[in-house]
Amino acid sequence: MTIRWGLLGCGDIASKRVADAIIADERSELVAACRRTEHLLQDFADRFNIPTRLTSAEQLFAREDLDAIYIATPVFRHCAQTIAAAEAGKHVLVEKPMAYSTAECQRMITACSTAKVTLGVAYYRRFYPVVLRLAELIADGSLGRPLSILATTGNPKRFPTEDWRVVKALGGGGPLMDIGSHRLDLFLQLFGRPRHVQAACAPSPEHDTEDMASLLIEFENGCHGVLQCYFGTLDTPDRLEVIGTDGRATTEDLNAGDLTIITADGRRTESHPPHANLHAPLISDFSDAIVSGRPPIVTGELGMATNEMMAIAYRESSGNRRQ
Ligand SMILES: NC(=O)C1=CN([C@@H]2O[C@H](COP(=O)(O)OP(=O)(O)OC[C@H]3O[C@@H](n4cnc5c(N)ncnc54)[C@H](OP(=O)(O)O)[C@@H]3O)[C@@H](O)[C@H]2O)C=CC1
Ligand SMILES: O=C1CO[C@H](CO)[C@@H](O)[C@@H]1O
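Residues numbered from 1 in each chain as written. Chains lettered and ligands numbered in written order. Predicted model: local features only at pLDDT ≥ 70, side-chain atom pairs only at ≥ 80, totals over all residues. Heavy atoms only, no water.

You'll find the chain entered in an unreviewed UniProt entry as 1,5-anhydro-D-fructose reductase, with Stieleria maiorica given as the organism.

Novice: I'm lost on the layout of surface pockets in this one. Help?
Specialist: Taking a probe equal in size to a water molecule and rolling it over the atoms shows the remaining empty space. In this structure, the largest pocket encloses a volume near 1200 Å³. Lining the largest pocket are 44 residues, and of these D12, I13, A72, W164 and R165 sit closest to its centre. Elements represented by at least two residues in the lining of the largest pocket include exactly α1 (12-24), α3 (57-62), α4 (75-87), β7 (146-155) and α8 (175-191). For the lining of the largest pocket, the residue count by class is 14 nonpolar, 14 polar and 16 charged. When we break the lining of the largest pocket down by domain, the ones giving at least three residues each are domain 1 (3-121 + 279-297) and domain 2 (125-274). For the second largest pocket, the calculated volume is near 180 Å³. K168, C201, E210, Y314 and S317 are, among the eleven residues lining the second largest pocket, the residues nearest its centre. The set of elements that each furnish at least two residues to the lining of the second largest pocket consists of β8 (194-203) and α10 (300-319). Looking at the lining of the second largest pocket, the element that brings in the most residues is α10, giving three residues. Here the lining of the second largest pocket is built from residues that sort into three nonpolar, four polar and four charged. (1 Å grid on protein atoms, 1.4 Å probe; cavity = no way out; pocket = protein on both sides within 12 Å on 5 of 7 lines; lining within 4 Å. Points joined across faces, edges and corners; volume = space filled by probe spheres on them. Helix = DSSP H or I, 4+ residues; strand = E, 2+ residues; numbered from the N terminus. Nonpolar A, V, L, I, M, F, W, Y, C, P; charged D, E, K, R; others polar. Domains from an automatic or database assignment.)

Novice: Whenever I open this one, the sheet that holds strand β2 (residues 28-34) confuses me. Can you help?
Specialist: In sheet architecture, strand pairing relies on hydrogen bonds along the backbone and comes in two forms, parallel and antiparallel. Taken in spatial order, the six strands of this open sheet run β3-β2-β1-β4-β5-β6, and their pairing is parallel. At either margin of the open sheet sits one strand with a lone partner, and together these are β3 (52-54) and β6 (119-121). On average, adjacent strands in this sheet sit at an angle of 25° to one another, irrespective of strand direction. Bridge count between strand β5 (residues 91-94) and β6: three bridges; the pairing is parallel. Paired with L93 across the bridge in β6 is G120. The strands touched by α1 are β1 (3-8), β2 and β4 (68-71); relative to β2, the strand with the most contacts, the crossing angle is about 140°. (Pairing = 2+ DSSP bridges. Axes fitted to C-alpha atoms, helices over the stretch in contact; angles between N-to-C directions. Contact = heavy atoms within 4.5 Å.)

Right, dumping it as structure tokens:
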């Protein structure tokens, strides 16, 4: 069976990675592209040789020659578009963060379950070999009893005021929603469900979102997670570290995949680079999930769990200030 995809949103991530990943996937075919701006749609579709070109999402959902829709639009569009695609009988792989709010996530899950279609969320870092190696080190006891997971990340870009990523009504928040969400998804993957979330989010002087967020999470397994994320910093490491009673494992650059492991046996460095197209394993997993009738690795429920942590963080940080 071949999964016939329609791509909704043909902006930055669609052109950098998603279209190529769908085209390269052995079970997939990229049949249709959709965005509202006609000349940019034609440029995109020419570049990737996509036969069907539409400027209306409704027309895309109505196509009978499509099995799945990849939603790569700004966050505030994810919920309504996922629900409409599901109601039209299409499987949905939606970009991260899953939606604007946890209530929206729940509506998306319900719509997909009612329509009996598969819902996945594009947290592609779950598939990184370095993250899977961290999971293995935790599971096989190499680090002793796991205690904490620490992540620091940032996007150096200073986004212009009109960019949807720094407009709360469009992106839902700043660096926490945009890049912190990826790391929170890894926290869920490695340490499981959270029990308690505390946070401080620093309001940006230029935008109506935060430009720095710090979260302290206690997990149900008793471990701690610490996340710091930033927009507009010159040199923020993309660091992920797991500390246990008998060792620690650290990657100083998550996208590069070098992992330093320190245990009683000494210190060693391993190399676990990601796939050349970071979205490729995600597309492959989702296509396989549809074909074999199993859930994808990153389900709607997991996407919602990340949104829940972010919602608590925003609530906490506005409620815990001294006046
Ligand atoms: N950029 C990246 O590196 C990554 C982005 N993502 C995620 O992918 C999603 C899309 O991000 P990105 O590709 O960067 O976004 P862009 O702003 O580059 O592209 C957005 C796309 O959505 C369409 N669109 C539809 N409605 C709107 C609207 N109301 N406002 C603006 N655009 C609209 C745009 O086309 P048109 O206006 O013509 O309809 C455009 O094709 C987000 O969820 C993001 O978090 C994920 C991983 C990486
Ligand atoms: O992984 C990513 C890289 O940076 C982008 C812009 O901040 C994010 O949206 C994206 O999720």
